[in-house]
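A structural walkthrough
Now for the letters of each chain:
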Amino acid sequence: MGKRNSQRKNAAAMVDSDETDSLSSSSSVRSDLMAPVAVAEEVDKDNLLDQSLDALFEKRGSTRENALALIIEAFRTELQYEFVEKKFATLLHQCLNSIKKGSAKETLLASNVIGLLALTVGSGSSAHELLEETVPVISQALRSRSESAKVQALLDCLAVVTFISGNAHEETERSMQIMWQVVHPKLSTNVVATKPPIGVITAMVSAWSFLLTTVNGSSFNLKDWQEFISYLSSLLDKDDRSVRIAAGEALAVIFETGQFEKVFGELNASSDGTHKEGNNPRDGYLHLQGLRAKVVNQVRELAAEAGGKGSAKKDLNSQKNLFRDVLDLLEDGYSPETSVKIGGESLNTSSWSQLIQVNFLKHFLKGGFVKHMQENYFLHDVFGFTPKKKAFMSNEEHLSNKQNEKRMYKSPNSALSKVRTQYLNKQRAMMQGRKAGHFAVDYEE
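Residues numbered from 1 in each chain as written. Predicted model: local features only at pLDDT ≥ 70, side-chain atom pairs only at ≥ 80, totals over all residues. Heavy atoms only, no water.

1. Section: the packing of aromatic side chains
- Overall, the coordinates contain twelve aromatic pairs when judged by the stated rule.
- For the pair Trp-208 and Phe-228, a centre-to-centre distance of 4.8 Å together with 65 degrees between the ring planes defines the contact as edge-to-face. Here Trp-208, found in helix H8 (residues 198–212), pairs with Phe-228, found in helix H9 (residues 222–235); they are 20 residues apart in sequence, far enough to count as distant. When sorted by exposure, Trp-208 lands in the same class as Phe-228, which is buried.
- In textbook terms, an aromatic cluster arises when at least three aromatic residues are bridged by ring pairs, as seen for Trp-180, Trp-208, Phe-220, Trp-225, Phe-228 and Tyr-231.
- Taking NZ or CZ as reference, Arg-292 lies 5.5 Å from the ring centre of Phe-255, over its face. (Phe/Tyr/Trp six-rings, centres within 6.5 Å; stacked < 30°, edge-to-face > 60°. Helix = DSSP H or I, 4+ residues; strand = E, 2+ residues; numbered from the N terminus. Buried < 20%, exposed > 50% of the residue type's maximum accessible area, 1.4 Å probe, protein only. Lys NZ or Arg CZ within 6 Å of the ring centre and 35° of its normal.)

2. Overview of the side chain of Ser-111
- Looking at the secondary structure, you find Ser-111 in helix H4 (residues 104–121).
- Here Ser-111 is in contact with Ile-99, Ala-153, Leu-154 and Cys-157, once residues within four sequence places are set aside. (Contact = heavy atoms within 4.5 Å.)

3. A look at the packing of H4 against helix H5 (residues 127–143)
- Running from amino to carboxyl end, H4 crosses H5 at an angle of 160 degrees, the nearest separation of the two axes being 10 Å. With respect to each other, H4 and H5 are oriented roughly antiparallel. Crossing angle aside, the handedness with which H4 passes H5 is left-handed. Of H5, the residues touching H4 (which contributes Ile-114, Leu-117, Ala-118 and Val-121) are Ala-127, Leu-130 and Thr-134. (Axes fitted to C-alpha atoms, helices over the stretch in contact; angles between N-to-C directions. Parallel < 35°, antiparallel > 145°, perpendicular 65-115°, else oblique. Left-handed = near helix turned anticlockwise from the far one by under 90°.)

4. A closer look at the side chain of Ser-233
- Relative to the assigned elements, Ser-233 resides in helix H9.
- The contacts of Ser-233, once residues within four sequence positions are left out, are Leu-251, Lys-294, Val-295 and Gln-298.

5. What about the pattern of salt bridges?
- Counting across every chain of the model gives nine salt bridges.
- Lys-87 is paired through a salt bridge with Asp-50; the nearest N and O atoms lie 3.0 Å apart. Pair noted here: Lys-87 is in helix H3 (residues 81–101) and Asp-50 is in helix H1 (residues 25–55), with a separation of 37 residues, a long-range link.
- Overall, Asp-50 belongs to the partly exposed group, its relative accessible area being 28%.
- The salt bridge partner of Glu-331 is Arg-300, with a shortest N-O separation of 2.4 Å. Of the two residues, Glu-331 is situated in helix H13 (residues 313–332) and Arg-300 in helix H12 (residues 281–303); the sequence distance between them amounts to 31 residues. (Salt bridge = Lys/Arg side-chain N within 4 Å of Asp/Glu carboxyl O.)

Okay, here's the thing in structure tokens:
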């Protein structure tokens, strides 16, 4: 399949963290002086995580919510390998309890924590346990009528956990089916179908297409592809732009990875020439081609859409640029090539699948995306990315370094502890000097 270097805004979003690499000499000196304080803050963060985990056992819901919010912040801003090694099971089970019994807000926060826990664990020995424990609980929670934000958080959590821990394609397809049923529930005769909110539809399509990037194109049969494409095509006609964009991205992944010809060929080869009505592989394949032609026309219109009343120009341009890229794929077989700046190195994508993966993880990690791309070993493996100026260490080496760093601070006789004491003495002397009306303070080095 061909590649095209896309210069459009939607395909060239850059996350630049180089600012942190260009400090002045004066700020570097100040940074050196403050280094012991930074280590103290890290020890405090570790204590805060322990306290937050303890708070998840409290009866008051607001206390648990505050604790979960603190855990989210800690896991986004730092890779908590050591904490997870010790407290993985406790944290997971308390978060699952929050999803089962907590408020909508607590469920939302707990879902975020589980997703971050999965990203920290990676594909290690605890990954499968996390998947098997989490999926049934999320599946049950998604069956209840809930606030839109809660459902979206559950879908994101299910997507991240399955992306990381779902080794077998059956596990991934199970999660995709759970997602699909959020907007296409299996109803009994006495249940009235309710229309899901736009936000839920958008979140479902985004999470579903994120998992689709990991599935073999021949995993689904022609009937499955017909259902997927038909529904996503209907979303391209919706008034909400976020839904149209999510559907367009999902369709791009389908037509990039879906091996329709192979599925059709295998069905044809295994057939004895007799078919029940409606089960002829050729008819199914022709129907699929008809759906594709319809999607091409829809995408072409969206790529050239004029702005309507109240339409934000930025949002309209994002839509038009995205659907032009989708049209390039459908008509010429080209996928957008993109580049995201991570601390001086470029994270490059050359397919729709890779682009969807990067965008979804940016959405989930928010401000922690750059930090995780720099230090998360699982993500390094997924994207083949090696961060600048960082030796590629194993998780065990990382834990050893962190433990040594904590020992350096905790020991009162350590060099680092002495430096910190010296620094605090200097600070006290400076304060005394200010009170005396001068700043000429001599230090004993």
